[in-house]
Amino acid sequence: MEKLILIKDSMTSAVNNLYNNYPHIDKLNVFPVPDGDTGTNMNLTATNGYNDVKDIEFKTIGEFLNAFSRGLIMGARGNSGVIFSQIIKGLAKGMNDATELSTVEWKKGFAESKIIAYRAVMKPVEGTILTVIREVAEQSALLPDDMETKEFWNKIILIANEALENTPNLLQALKDVGVVDSGAYGLVKFLEGMNSVFQSNKIIAKTDKLEINEGGNIEMEIEAEFGYCTEGIVMLNEEWINKLQTSAIRDQLQIYGNTSIVVVIDEDILKVHTHALSPGQVLMFLQQYGDFKTIKVDNMNLQADKQVKGNEASGWQETTSIKLERKLNNDYATIAVVSSPEMKKYFEKELGIDIAIDGGSKMNPSTNDFLKAIEEVDAKAVYLMPNNGNVLLAAKQAEKEETKSKIIVIPTKTIQQGMTAALSFDPSATTMKNTKAITSAIKNVVSFQVSQAAKDSVVNGIKIKKDQQMAIVDGKIVGTANDIGILFEKQLSRYITNKTEIITIFIGQDASAKSVSQLRKFLDENFDVEYEIIEGGQKVYSFIIAVE
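Since the model is a prediction, treat every value here as computed from it, not as a measurement.

**Student:** Before we go on, may I ask you to explain the sheet that holds strand β2 (residues 259-266) in this structure?
**Tutor:** Strands pair in a sheet through their backbones, by hydrogen bonds, and they do so in one of two ways: parallel or antiparallel. The strand order across the open sheet formed by 4 strands is β2-β3-β1-β4, and the pairing between neighbours is antiparallel. Pairing within the sheet leaves two strands with one partner each, and these edge strands are β2 and β4 (290-299). With direction set aside, neighbouring strand axes in the sheet form an average angle of 10 degrees. Bridging between β2 and strand β3 (residues 269-276) involves 6 bridges; their strand directions are antiparallel. Following the sheet pairing, Val263 is matched in β3 by Val272. Sheet strands touched by helix α10 (residues 246-255): β2 and β3. Its angle to β2, the strand with the most contacts, is close to 160 degrees.

**Student:** How should the environment of Gln452 be read in this particular structure?
**Tutor:** Looking at where Gln452 falls in the secondary structure, it is placed in strand β9 (residues 446-452). When near neighbours in sequence (up to four residues on either side) are disregarded, Gln452 contacts Asp467, Gln468, Gln469, Met470 and Val540. A polar contact is formed between the side chain of Gln452 and the backbone oxygen of Asp467, at a distance of 3.2 Å.

**Student:** Any chance you could explain the environment of Asn299 here in plain terms?
**Tutor:** Residue placement: Asn299 occurs in strand β4. Look at Asn299 and you get buried, because its relative accessible area is 3%. Sequence-wise, Asn299 and Asn161 are 138 residues apart; in three dimensions their C-alpha atoms are separated by 33 Å.

**Student:** Explanation requested: unusual backbone geometry in the structure shown.
**Tutor:** The residue Asp378 is not glycine, and still its phi comes out positive at about 50 degrees. Here Asp378 shows up in the loop between α14 (367-377) and β7 (379-385). Take Asp378: its relative accessible area is 11%, and that puts it in the buried class. Despite not being glycine, Asn387 shows a phi value in the positive range, around 60 degrees. Positionally, Asn387 belongs in the loop between β7 and α15 (392-401). Taking the relative accessible area as the measure of exposure, Asn387 reaches 1% and is therefore buried.

**Student:** I tried to follow empty space enclosed by the protein on my own but got confused; where do I start?
**Tutor:** Within the structure shown, the criterion is met by 3 cavities of 30 Å³ or more. Lining of the second largest cavity is provided by Ile87, Ile88, Leu91, Phe110, Ser113, Ile133, Leu187, Phe190, Leu191 and Met194. Among the elements of the structure, α4 (78-94), α5 (103-120) and α9 (182-200) are those that each provide at least two residues to the lining of the second largest cavity. With 4 residues, α9 is the single largest residue contributor to the lining of the second largest cavity. Of the residues assigned to the lining of the second largest cavity, the class counts are 9 nonpolar, 1 polar and no charged.

**Student:** Would you take a moment to explain the packing of aromatic side chains for this structure?
**Tutor:** Within a pair of aromatic rings, the relevant descriptors are the distance that separates the centres and the angle that separates the planes. All chains considered together, the criterion is met by 20 aromatic pairs. Look at Phe285 and Tyr289: their rings are 5.7 Å apart centre to centre, the planes differ by 90 degrees, and that puts the pair in the edge-to-face class. Neither residue differs from the other here; Phe285 and Tyr289 are each classed as buried. The interplanar angle of 70 degrees and the centroid separation of 4.9 Å between the aromatic rings of Tyr383 and Phe425 together place this pair among those described as edge-to-face. Of this pair, Tyr383 sits in strand β7 while Phe425 sits in the loop between α16 (415-424) and α17 (431-441), and the two are 42 residues apart along the sequence.

**Student:** Looking at this structure, how should I read the environment of Phe68?
**Tutor:** Along the polypeptide, Phe68 turns up in helix α3 (residues 61-75). Note: C-alpha distance between Phe68 and Ala160 (92 residues apart in sequence) is 22 Å. Not counting the four nearest positions on each side in its chain, Phe68 is found in contact with Met11, Val15, Ala46, Gly49, Tyr50, Val53, Ile88 and Phe190.

**Student:** Honestly, the pairing of strand β16 (residues 541-547) in this entry has me stumped. Any pointers?
**Tutor:** Working note: regular strand, side chains alternate between the two faces of the sheet. By the criterion of burial, β16 is predominantly enclosed, with 7 of the 7 residues buried. Bridge count between β9 and β16: 6 bridges; the pairing is antiparallel. Across the sheet, Val446 pairs through a bridge with Val547, a residue of β16. Note that strand β14 (residues 502-507) and β16 share 5 bridges and pair antiparallel.

**Student:** Explanation requested: the packing of helix α2 (residues 38-53) against α3 in the structure shown.
**Tutor:** Two quantities define a packed helix pair, namely the angle between the axes and the distance from one axis to the other. Relative orientation of the contacting elements α2 and α3 amounts to 135 degrees, with a least axis distance of 7 Å. By the angle between their axes, α2 is oblique relative to α3. Handedness of the crossing formed by α2 with α3: right-handed. Of α3, the residues touching α2 (which contributes Leu44, Thr45, Ala46, Asn48, Gly49, Tyr50, Asp52 and Val53) are Phe64, Ala67, Phe68, Gly71, Leu72 and Gly75. By residue class, the composition of the contact of α2 with α3 is 8 nonpolar, 5 polar and 1 charged.

**Student:** Any chance you could explain the packing of α14 against α15 here in plain terms?
**Tutor:** α15 packs onto α14 with a crossing angle of 55 degrees between their chain directions and a minimal axis gap of 8 Å. Looking at the two axes, α14 sits oblique to α15. Handedness of the crossing formed by α14 with α15: right-handed. On α15, the residues that touch Thr367, Phe370, Leu371 and Ile374 of α14 are Ala394, Ala395, Gln397, Ala398 and Glu401. Looking at the contact of α14 with α15 residue by residue, the class counts come to 6 nonpolar, 2 polar and 1 charged.

**Student:** Please clarify how the pattern of salt bridges should be interpreted in this entry.
**Tutor:** Close approach of charged atoms lets side chains of opposite charge pair. With the rule as written, the count across this model stands at 15 salt bridges. The partner of Lys93 in a salt bridge is Glu112, with the nearest N and O atoms 3.9 Å apart. Placement of the pair is Lys93 in helix α4 and Glu112 in helix α5, with a sequence separation of 19 residues. Glu112 gets classed as partly exposed once you look at its relative accessible area, which sits at 22%.

The rules we used
- Residues numbered from 1 in each chain as written.
- Predicted model: local features only at pLDDT ≥ 70, side-chain atom pairs only at ≥ 80, totals over all residues.
- Heavy atoms only, no water.
- Pairing = 2+ DSSP bridges.
- Helix = DSSP H or I, 4+ residues; strand = E, 2+ residues; numbered from the N terminus.
- Axes fitted to C-alpha atoms, helices over the stretch in contact; angles between N-to-C directions.
- Contact = heavy atoms within 4.5 Å.
- Polar contact = N/O pair within 3.5 Å; in protein donor to acceptor, adjacent residues only side chain to side chain.
- Buried < 20%, exposed > 50% of the residue type's maximum accessible area, 1.4 Å probe, protein only.
- 1 Å grid on protein atoms, 1.4 Å probe; cavity = no way out; pocket = protein on both sides within 12 Å on 5 of 7 lines; lining within 4 Å.
- Points joined across faces, edges and corners; volume = space filled by probe spheres on them.
- Nonpolar A, V, L, I, M, F, W, Y, C, P; charged D, E, K, R; others polar.
- Phe/Tyr/Trp six-rings, centres within 6.5 Å; stacked < 30°, edge-to-face > 60°.
- Parallel < 35°, antiparallel > 145°, perpendicular 65-115°, else oblique.
- Left-handed = near helix turned anticlockwise from the far one by under 90°.
- Salt bridge = Lys/Arg side-chain N within 4 Å of Asp/Glu carboxyl O.

Written out as structure tokens, the structure reads:
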């Protein structure tokens with residue numbers, strides 16, 4: 001009974017320590033987008049599992065660990081949460097008959113943790129949480145069987161931390177931005193929480209003051225559609241219990257083009273985590289194996305928005321209000337996404353956009369935001385201009401969900417393209433002609449932006465130092481300079497030619513009067529071209545420049 005109390009106390013301490021550190025774990029999850037959900041997912045997974053066992057009496061260590069493992073699987077959130085649940089499942093399997101919490105028993109548990117965690121992931125990647133559990137399993141196996149528990153666990157923590165520090169050397173994405181893997185960090189904190197009990201019989205308490213997470217590190221456009229984090233637990237029909245193979249699920253999800261596939265079968269339940277562009281397709285496929293116990297679908301671009309801006313209201317929302325029947329009184333309407341109130345005013349008053357959705361500095365409105373705007377304009381045909389690569393998915397989803405208006409998504413990926421699209425729109429033309437003309441026009445605009453680097457990093461092979469000025473063209477960093485005037489001379493000049501007709505400049509919040517004067521002087525002295533300067537009020541980018 002003493003050992004059972006010890007293992008329960010160690011798990012309590014581990015769950016608390018993970019909770020205390022989850023905001024910092026979220027901060028480490030900054031590349032390629034600052035979606036910041038690894039710590040949140042691991043914390044929710046651990047808390048769900050712990051809540052299932054904290055008030056129950058158990059007879060054996062194995063019984064407790066298996067119940068904890070089952071709770072983790074049922075409540076697992078995200079890729080990291082599912083993998084974490086499998087690490088504990090392996091521990092439970094290896095220590096099912098444990099009675100003494102001996103070194104030999106722990107070694108068996110870690111060995112199974114490694115096997116089961118790797119088995120759950122379709123394409124295991126080193127430099128992640130998997131690396132930590134693999135190193136712990138392999139290196140602990142070399143330790144003497146008669147080593148004292150305290151010494152053994154000190155070695156485990158040392159091994160885990162060394163593996164964590166090595167993750168950037170195994171995964172280039174981590175090395176480029178100078179962070180360790182967030183999931184690996186979370187597992188280390190969990191193990192350190194356990195070790196506190198084994199060393200001093202001290203349960204780490206939950207802190208009242210969590211670290212504040214105000215966002216990511218480097219601000220830049222990323223041209224990618226991340227899709228939906230799609231998860232489900234299926235209570236298997238009797239005909240599939242002990243017969244369904246994880247490979248059957250993985251293979252089909254791969255055919256769908258999904259990524260980050262983790263599949264777990266635990267007796268009568270099937271747990272699936274995947275990143276999908278069409279979550280409905282995934283859910284319909286899984287439903288053939290039984291009834292859903294839980295379903296969770298998150299728009300990963302909106303997750304990034306929530307984590308960076310703390311904007312709870314930007315996610316999916318349900319409404320029970322009674323809506324008036326739409327009569328489609330207007331023939332057409334235009335909706336665009338912008339990044340500040342000043343831009344909203346400019347797009348609506350100067351460019352004639354019917355509704356400009358202010359998506360904030362991250363420009364991540366939800367599908368629901370688009371649907372509300374579509375309802376408000378009440379038109380037969382509605383043109384959507386996302387003006388950001390990350391918003392395209394939400395716009396396309398709105399196109400699928402809207403049942404009354406005909407939706408035309410113009411694939412604008414920058415504010416500059418959105419401006420050109422608005423100016424190219426012809427109210428008298430058919431939707432087909434408008435779409436063709438606008439799509440052609442946006443190809444002729446160069447989207448040039450200036451932003452200050454928040455930290456040292458390497459992106460696209462370009463070394464970036466903190467506080468340097470970065471030139472970003474069509475979403476990619478093309479150069480840096482210590483002085484913004486030099487950046488204009490060396491980078492902006494490359495995109496202004498004798499065919500350039502006009503340059504439109506949106507001045508951001510961080511643009512100084514001196515830098516605006518430098519830009520004016522640079523254009524006046526070097527080019528015979530018309531330009532317009534507008535107070536854009538945008539964050540992140542001191543200048544947003546359209547070269548047409």
